[in-house]
Amino acid sequence: MAKHIKRSIKSGLPPGTLVHIGAKSDREIRITVMDYHAGGCEEKEIKALKECVYYSDTSIVSWIDVEGLHEVEIVRQVGDCQGLHPLVLEDILNTNQRPKVEDYGDYLYIVLKMLHNGDGTGIVAEQVSLVLGSNFVISFQEGMKGDVFNPIRERLRSGKGKIREMGADYLAYALMDAVVDNYFVVLERVGERIEELEDAVMADPRPETVREIHQLKREVILLRKAVWPLREVISALERRESKLISEKVVVYLRDLYDHTIQVIDNIEASRDMLAGMLDVYLSSISNRMNEVMKFLTIIGTIFIPLTFIAGVYGMNFQNMPELHWQWGYFACLFLMALVAVFLLIYFKRKRWL
Amino acid sequence: MAKHIKRSIKSGLPPGTLVHIGAKSDREIRITVMDYHAGGCEEKEIKALKECVYYSDTSIVSWIDVEGLHEVEIVRQVGDCQGLHPLVLEDILNTNQRPKVEDYGDYLYIVLKMLHNGDGTGIVAEQVSLVLGSNFVISFQEGMKGDVFNPIRERLRSGKGKIREMGADYLAYALMDAVVDNYFVVLERVGERIEELEDAVMADPRPETVREIHQLKREVILLRKAVWPLREVISALERRESKLISEKVVVYLRDLYDHTIQVIDNIEASRDMLAGMLDVYLSSISNRMNEVMKFLTIIGTIFIPLTFIAGVYGMNFQNMPELHWQWGYFACLFLMALVAVFLLIYFKRKRWL
Amino acid sequence: MAKHIKRSIKSGLPPGTLVHIGAKSDREIRITVMDYHAGGCEEKEIKALKECVYYSDTSIVSWIDVEGLHEVEIVRQVGDCQGLHPLVLEDILNTNQRPKVEDYGDYLYIVLKMLHNGDGTGIVAEQVSLVLGSNFVISFQEGMKGDVFNPIRERLRSGKGKIREMGADYLAYALMDAVVDNYFVVLERVGERIEELEDAVMADPRPETVREIHQLKREVILLRKAVWPLREVISALERRESKLISEKVVVYLRDLYDHTIQVIDNIEASRDMLAGMLDVYLSSISNRMNEVMKFLTIIGTIFIPLTFIAGVYGMNFQNMPELHWQWGYFACLFLMALVAVFLLIYFKRKRWL
Amino acid sequence: MAKHIKRSIKSGLPPGTLVHIGAKSDREIRITVMDYHAGGCEEKEIKALKECVYYSDTSIVSWIDVEGLHEVEIVRQVGDCQGLHPLVLEDILNTNQRPKVEDYGDYLYIVLKMLHNGDGTGIVAEQVSLVLGSNFVISFQEGMKGDVFNPIRERLRSGKGKIREMGADYLAYALMDAVVDNYFVVLERVGERIEELEDAVMADPRPETVREIHQLKREVILLRKAVWPLREVISALERRESKLISEKVVVYLRDLYDHTIQVIDNIEASRDMLAGMLDVYLSSISNRMNEVMKFLTIIGTIFIPLTFIAGVYGMNFQNMPELHWQWGYFACLFLMALVAVFLLIYFKRKRWL
Amino acid sequence: MAKHIKRSIKSGLPPGTLVHIGAKSDREIRITVMDYHAGGCEEKEIKALKECVYYSDTSIVSWIDVEGLHEVEIVRQVGDCQGLHPLVLEDILNTNQRPKVEDYGDYLYIVLKMLHNGDGTGIVAEQVSLVLGSNFVISFQEGMKGDVFNPIRERLRSGKGKIREMGADYLAYALMDAVVDNYFVVLERVGERIEELEDAVMADPRPETVREIHQLKREVILLRKAVWPLREVISALERRESKLISEKVVVYLRDLYDHTIQVIDNIEASRDMLAGMLDVYLSSISNRMNEVMKFLTIIGTIFIPLTFIAGVYGMNFQNMPELHWQWGYFACLFLMALVAVFLLIYFKRKRWL
């Protein structure tokens, strides 16, 4: 995590100063533009956004997708081109945002968290910023792990579904829907890991298990932080407080809202299960420990009286009649066996064995 | 659960794509239609819904009951026939919905959870979707364990009660009431299992008991998830935000709301009892453990001084006067008995035995 | 509790079906009627309510008190006579209601819980239903343990206080006040039992104590369930949403509301104390256990080195100079005493003894 | 506490019955009257309130202070004289009120809790009732431990500050301010006791410490109960819902509200610290216990192999070559020392010692 | 902390009495005045505020910064000069305020908490009071550890950014932003300390670790108390309830609000991690303890049967055939080795070793 730039470096800088806060990346920034209307879709990849082409024809919708935030200059160009407020650009670059929606009149600024199952490292959260204008959408991604927008690109190219017939607001919805749909994939992996842990806790509880439970707990908290505020964001969009959201999209937003609630329900269920698991772990571990201690103590307890008997007949008194008896030794061994058997039966009866 | 289709398979598909998410079933889908009015009731079972007959006569109410969701095509037919929104059909097929009500103007879409006592496998939740129009109700069930609507069919056939005299909104109420009434049956079984567990925890606490407590906890959480949102659903209907709910039905909905609150109260009581039970279990188990350890330690402690005495007289010093005394051995045994009795009395006094 | 009829028997029955749900009783149902006005009070006990006499003279207020709900027919007669809605009668007979108030226009339906200190069995809750009309009050009690309305009957007979000068709404207030006043009696008994338990936990913590703490916890939860919703009920009455509540009674209802808040405060305090008590119990029990184990382990630890010394001089080596020394044995005993004393001092210093 | 009269004695009495509920006192009731205006202040102590003098001159404000509630008759006289509602008098006498404000049109009835540091017995709460009229304030105190109003009397006599220039509402504010100011004194004592306990928990945790923690917890709960509702009381006054509160006093009430919030913050911080302290206590005690057990077990473990060796050479086999070896005994002792040293090093390495 | 003056010394004093409550300081009070407009900035340091110069030219904004509160007289002078309400001055001097904003019509009074990483002593909180007028800002600091306003002074001098073009409200925003920005620095240090603790808990859990966890917990609670109310403060300013906040500043305040939410999120995450850490600590410590006890008990258990065998052959019976057997001793040693090996294998199998 040495490459991660922390928030504190911005302390003292004037508001609107553009600094990239987040994981550094070596990948090149990619900007793709898709212009589409009901009849077709044009796609191009560009390196810089020198000329800003606005279509006066409002039936043409432009989707500008910026992948990678580590070059401040490119983000500034995109922002200047579309006339974005410096504070918006500052927020796009600072990947510590929580999901939110801000209304700047001509455009809406929406922040989401895209989640991926990291390989071995748990869940990875990536910030996605959407700027929704009257006939354009700009999306900014950190570009760490690839995006989940390919099915949407495919639908735009092929014209399947209603996406080309609808406006920019529907595109923004579709992008958010893709992000939320991916939460289910992430959650199911979490569910599987919980089930694995559950079995491990029962069968072979080890100190590392606690660490894993806590690791998973922390990931679920990350999930919560990504999803809880999203609910309010979608709810605000659904209430159509901005004129950029058309009547036709509301029913889709309501559906998206529903999905978010389902994700939250799943997250809360996972939390409950993880919380309960620590209890099971502790009772499981103390159970094993008790078992060991009990067994060993019982072994000890059986031998203590036997050793005492042996000690008695190891005494050197001159007048000890038993010692001189022909069968004394064997009688003594028999007595010891008797005591041992009696104790074993007693422990068995008391259900201690 | 291998047959259970997960939510993630829908990730990336456009909204409104119909995919069945839930447990697969081999049973055939059954569609039954009941048309009734104050004077009578006509009942038929159909295989497909090719022709949609609407009665212009609004005094005739139609109840179309679809049992089984695993054939997407049939659900699509029913939906097309009644002009349902694709998002509604998508939700009907996705059995992960939480209880909700959605107003689509011409019709209300209501989601409920039907609960059954599974045999040995705990509580089984089945999704019930209701579509309430001006003079029809369509109900979709997963069809896993049979339904709880038979008493209503009986009432429709026989004309008992007011059901044939009232409109489609009363039928929807009656169906919801049947579902909620069944919760009491499920809850009483839960109550009995809690009582059984409670006795087990006191009499013979075992590791499996914790597992059972957690299993029951999880079922109660399932119950909560099914019932809590239902409260808001019924409350929304009772407020008559849709014109499809008539004045006359409000008093019945208020009664239903009341029942839901009672169910919630029962669930919360069950939760409290289960939470307390884990405490009792832990104190019960640690109590038994303590008892064992104390007993064994006391046994050990009594023999340690005795063994020490035996050890002393087992020493080989030449000049040990006691060894040559005629009654030395017996005096030594008497001393040992004395020490043992003294310790027993001491432990008794201290209430350690 | 074999006689207790459960809610599930009603599952599947149409709404408004009258079934008594609650503890069965052999006592005969008693109906008493008191008609009063500022000038006097007439009292009679009747067996059945065949003729319903309404006083057109609104200055006469009737109080009909029904004790015992186990004969459905009698309740139905009373209901029909006053024109009560079937759902109200259903709720009166189902003793699982939570406190609530329902406005049926001509009359208010109020549900309360009357609490008694059972003898040895903890708190007993009994359902009281009040129907408040413009110039009558009907009260339904389960009739298990006698009621708390006698002081009100006395006041009506003697004309003490303002009760005969006020309307039916004041009578309803007075009945509710009597029920709430009785909560204080019940709560003080709970407080005493908590104090007793507290002493027991400190002096002699035993497994049964946990059970008693849980029993008391459950009773306090029962209390909460009876009182929390009552707050809203009285608050709703105080807001005068129904025209049946006159201006003059509001100040009394506010006073009653205050009492309810005091009861709730007391209940919450009891809960806190019970929750803390379990902590004290656990630390008390583990303290005693630790004490025992520590003592025994110390005893053992002192004797272990001594036994070792005895073992050394019990060895049979030919060349062991000490054995042949004249005072060897006594020196050895002295050494043992020295070791024991040294260890005792050491333990004392370390504060382990 | 034998003298404390409980709430339950009022059960069954009609509303408005005057009964003193609280600690009985032998001190005589004292009534002091202070009449003041911008120019001066007249002070007198009276035994009974036979004649009620009202100043038509509204610039004269009267403060009637009643200390002691145990003589119901005197409270009744004061109440009748000022025309107070019977329910107000009932509440004044019942010292179980929670802080509240009630608007009776002509006057406001305010209940507060005055807190004192009891000597050795923890915090003592005393009920203060204020009746604020247009140009008078009546204050009722239980009179157990002296009051906190002396600085205000002093200010009235000397004319310092603005108190003589302002109306009765400012006087009521000043009295409440004096009560709240005293909370800080009480809270700082609580803070000191928490710090003392904290040190005790670290240095020498004993069972009594738990008891003290719980005692302090209970006192903090008492504080909470006294202060939380006060916030709403002052907030209600500040909103000027009554015409008795003048515009000029609002800024002072806002200041008082602020102080109350500070008190609440302090109380919550104390609660958090006490909650954390129990954790520290438990880990501290188990730490000490573990230390003891570990030490003793290690001692035992070192001697067990040594005793075994001694046991081996105490066997009586005829053919044991070592026994006949010249230096056998000393070699054996050396072997024992070796084993002991090896074990000590091993334990040291493992950090068990 | 002997120099810290407590709140209780004010108990009994009339409202508006100026007393400094907080840490005493020996540093001299410093007052700096900066007058700026779009074109330039004039800066001067003064000792006393005798003449109050108001610029009728509203384009000139004055920032008066007072560092140090321990001389009541100087604060009084500043206050009198600008006509501040005595209650405002009282609050400025009392450093126990929680963040708040108060509207006095002509000016807003804002309280913030400035946080510093103390050296070894944890987080230090310092109170900052802002008074925002139409064309001036007065800031009061405790002056304990230097301030975070230097970057703003620099920006004013150099004219970088928009600060000189905006009004007094923007200056107040900039000061608050500087304070909030510094929270991130403090939080990152907290984060590092948590990570260090986390490693310590895993690697080498010691009693001091608990103390450190609690210390950190308390600091996080301090942070919460400083930041939570700030959210409401900024939200209130953003809603522009006062005319002193201009339209242009709202977007900046919204940005500041966002930062505050991020700080709160971070704090809550830290709390969760600390709460979880105690669990890990306890399970880690009990794990180590169990390991020790188990090892030692196993050692003991292996030797107990061996010692018993030695005891048997140490008995002095005359007729013990094994004793006279040529290889008896070696057979006995072999038997002992056998028993030991068998037990070791058994323990290994049971996974106890």
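Residues numbered from 1 in each chain as written. Chains lettered and ligands numbered in written order. Predicted model: local features only at pLDDT ≥ 70, side-chain atom pairs only at ≥ 80, totals over all residues. Heavy atoms only, no water.

Per an unreviewed UniProt entry, chain A goes by the name Magnesium transport protein CorA and belongs to Geotalea daltonii. Under the heading Function (unreviewed entry), UniProt records this for chain A: "Mediates influx of magnesium ions." Turning to chain A, the UniProt record has this under Sequence similarities (unreviewed entry): "Belongs to the CorA metal ion transporter (MIT) (TC 1.A.35) family." (UniProt positions renumbered as here; feature names shortened; annotations may be inferred.)

**Student:** How do you make sense of the sheet that holds strand 5 (residues 108–117) of chain A when you look at a structure like this?
**Tutor:** For sheets, the rule is that strands pair by backbone hydrogen bonds, running either parallel or antiparallel. Residue and element names in this part refer to chain A. Spatially, 2-1-3-7-6-5-4 is the arrangement adopted by the seven strands of the open sheet, whose pairing is mixed. Of all the strands in the sheet, the pair left with one neighbour each is strand 2 (40–46) and strand 4 (100–103). Pairs of neighbouring strands in the sheet enclose a mean axial angle of 20°, with direction left out of account. Summarising the sheet, strand 3 (residues 61–67) and strand 7 (residues 136–141) pair through six bridges and their orientation is parallel. Looking at strand 7, one finds that Asp-65 is bridged to Ser-139. Where helix 3 (residues 150–158) meets the sheet, it contacts strand 1 (30–37), strand 2, strand 3 and strand 7, and its direction lies at approximately 150° from that of strand 3. (Pairing = 2+ DSSP bridges. Helix = DSSP H or I, 4+ residues; strand = E, 2+ residues; numbered from the N terminus. Axes fitted to C-alpha atoms, helices over the stretch in contact; angles between N-to-C directions. Contact = heavy atoms within 4.5 Å.)

**Student:** Explain the packing of helix 4 (residues 168–203) of chain D against helix 6 (residues 247–312) of chain D here, please?
**Tutor:** Residues and elements named next belong to chain D. Interhelical geometry of helix 4 versus helix 6 gives an angle of 15° and a closest axis separation of 10 Å. One element, helix 4, and the other, helix 6, form an angle in the roughly parallel class. Of the two elements, helix 4 crosses helix 6, and the hand of that crossing is left-handed. Its residues assigned to classes, the contact of helix 4 with helix 6 comprises 24 nonpolar, six polar and five charged. (Parallel < 35°, antiparallel > 145°, perpendicular 65-115°, else oblique. Left-handed = near helix turned anticlockwise from the far one by under 90°. Nonpolar A, V, L, I, M, F, W, Y, C, P; charged D, E, K, R; others polar.)

**Student:** Could you clarify how one ought to interpret the UniProt feature "transmembrane region" (unreviewed entry) in chain A in this entry?
**Tutor:** Residues and elements named next belong to chain A. Mapped onto the present numbering, the UniProt feature "transmembrane region" (unreviewed entry) falls at residues 295–315 and 327–347. In residues 295–315, helix accounts for 86% and strand for 0%; the two terminal C-alpha atoms are 31 Å from one another. Measuring from the first to the last C-alpha atom of residues 327–347 gives 30 Å, for a span that is 95% helix and 0% strand.

**Student:** Any chance you could explain the sheet that holds strand 3 (residues 61–67) of chain C here in plain terms?
**Tutor:** All names here are of chain C. Taken together, the seven strands give an open sheet; going across it, the order is 2-1-3-7-6-5-4, and neighbouring strands pair in mixed fashion. Each end of this open sheet is capped by a strand with a single partner; those strands are strand 2 (40–46) and strand 4 (100–103). Pairs of neighbouring strands in the sheet enclose a mean axial angle of 20°, with direction left out of account. Docked against the sheet, helix 3 (residues 150–158) engages strand 1 (30–37), strand 2, strand 3 and strand 7 (136–141), running at close to 150° with respect to strand 3.

**Student:** How do you make sense of the relation of the copies chain A and chain E when you look at a structure like this?
**Tutor:** For the pair of chain copies, the relating operation is a rotation around an axis with a shift along it. In the superposition of chain A on chain E (RMSD 0.1 Å, axial shift 0.1 Å), the rotation amounts to 72°. Such a combination of rotation and displacement between the chain copies is what one expects of a five-fold axis. Relative to the rotation axis, the closest C-alpha in chain A is found at A:Gly314, a distance of 4.5 Å. (Least-squares fit on C-alpha atoms with pLDDT ≥ 70 in both.)

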